[in-house]
Amino acid sequence: MKFIDELEKYSELDYEAYFRKITDDDIINVLNKPSINRLDYLTLLSPLAENHLEAIAKRANQDTIRNFGRVMQLFTPMYIANYCINQCVYCGFNHENKLKRVKLSMEEIKAEGKLIAETGLKHVLILTGESQEHSSPDYILQAVENLKGFFTSISIEIYSLEEAEYKHAVEAGVDGMTMFQEVYDADIYKELHLAGPKSNYAFRLDAPERACRSGMRTVNIGALLGLNDWRKEAFLTGVHADYLQRKYSDVEIAVSTPRMRPSVGGFPPRVLVKDINIVQYITAYRIFMPRSGITLSSRESAKLRNHLAHLGVTKMSAGVTTAVGGHSKGEEVSQFDISDSRSVREMSAMLYGEGYQPIYKDWQALV
Ligand code: SF4
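Residues numbered from 1 in each chain as written. Predicted model: local features only at pLDDT ≥ 70, side-chain atom pairs only at ≥ 80, totals over all residues. Heavy atoms only, no water.

1. A closer look at helix α15 (residues 344-353)
And step 1. Within the span of α15, buried status applies to Val344, Met347, Ser348, Met350 and Leu351. For α15, the angular spread of the buried residues around the axis is 160 degrees, confining them to a single face. Among the exposed residues of α15, those oriented more than 90 degrees off its buried face are Arg345 and Gly353.
And step 2. Residues of α15 that are buried make contact with β1 (71-79), α13 (302-308), β8 (315-317) and β9 (357-359).
And step 3. Phi turns positive, to about 85 degrees, at Gly355, one or two residues after α15. (Buried < 20%, exposed > 50% of the residue type's maximum accessible area, 1.4 Å probe, protein only. Helix = DSSP H or I, 4+ residues; strand = E, 2+ residues; numbered from the N terminus. Arc of directions from axis to C-beta. Contact = heavy atoms within 4.5 Å.)

2. Points about the site of the ligand
And step 1. The local shell around the ligand consists of Cys84, Asn86, Cys88, Cys91, Phe93, Asn94, Gly129, Lys198 and Gln335.
And step 2. When its residues are assigned to classes, the shell around the ligand shows 4 nonpolar, 4 polar and 1 charged. (Near = heavy atom within 4 Å. Nonpolar A, V, L, I, M, F, W, Y, C, P; charged D, E, K, R; others polar.)

3. Regarding the packing of aromatic side chains
When we look at a pair of aromatic rings, we describe it by the centre distance and by the angle of the planes.
And step 1. Under the counting rule described, the total for this entry stands at 11 aromatic pairs.
And step 2. Summarising the aromatic geometry, the rings of Phe3 and Tyr184 are spaced 6.5 Å apart at their centres and angled 85 degrees between planes, so their arrangement reads as edge-to-face. Linking Phe3 in helix α1 (residues 3-8) with Tyr184 in the loop between β4 (174-182) and α9 (186-192), this pair joins segments that are 181 residues apart in sequence. A single burial state applies to Phe3 and to Tyr184, both of which are buried.
And step 3. A ring pair is formed by Tyr41 and Tyr285, whose centres lie 6.2 Å apart and whose planes are at 70 degrees; its orientation type is edge-to-face. Linking Tyr41 in helix α4 (residues 38-44) with Tyr285 in helix α12 (residues 275-288), this pair joins segments that are 244 residues apart in sequence. Each member of the pair Tyr41 and Tyr285 is classed as buried.
And step 4. The cationic tip of Lys103 hangs over the ring face of Tyr139; the distance from NZ or CZ to the ring centre is 4.6 Å. (Phe/Tyr/Trp six-rings, centres within 6.5 Å; stacked < 30°, edge-to-face > 60°. Lys NZ or Arg CZ within 6 Å of the ring centre and 35° of its normal.)

Worth remembering: the numbers are spatial, not functional.
Take a look at the structure:
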């Protein structure tokens, strides 16, 4: 069975009808349970649950401290190419957008890695657009080879690979993969992904599972908030994480909660997602999946990230640029605008100030 079959179980779910039946007592009952199921999670995502946000946040804070302590893993993304053959309408790197396409040489990748490593970070996330011609798996694995001297954990956020290709990546030293489904609603997915390999919804949906089977240590999933009703997308992201975690108990399953940001192309969010919605999503997810990682990127403001450091988030980016070679060559064309531009040092200072320990390294492969 694949996740697409599991997802099918929820295709007829009438979210509005479910939400209409929820009472205050239902929410209080869910919060009093030691562990909650998928529909309980949906109860905490309901519009009515917004009135109980303080109690939800309190429980999320307790669950996070119980399972993780007061620590925050820091990492930074590293864009090494922006060639892309896809037409995701919401993305600055969309093939149709006229922008300077670049790809770093191995020397440039080492220079970029060196500068990031000088900030103290030991975890890096490599990103490319989707172009097998310009950013082939071999090119990406060469980049990994050149970065191993600087980092103890290297993750990839690239196009969907076959299982054997994920295995090669693991053998080459990659220990984490991030793959956002962007939107779980298959009809909306089709509307927004006009051309290119990424328009294959099912192949992308199955990618995190292929990565789990390949021996990847961490697999990070998510929906891009702003493309559909956030409550439905948050619910299905949680169902996906729960499915993967139950099936692959040796893999660390985590979620990200990326919200749309302005980008080249200017595609506006289809749905407004407010700060309070992000808080509700993260705190409800924490209670549903108390041991799961939650990543909050610099798409969000410093104020919101400071607040959410207490409420479930376990990993944050720092010293971020979304431009290819942005650390060593300065900003050129970025994938999207970031909101929180704090350096690694500034993020660390904030975390210490909030009573948290910033973690630069929590993993190193034996070989
Ligand atoms: S989201 Fe990824 S695949 Fe889609 S256009 Fe942007 S870089 Fe390309």
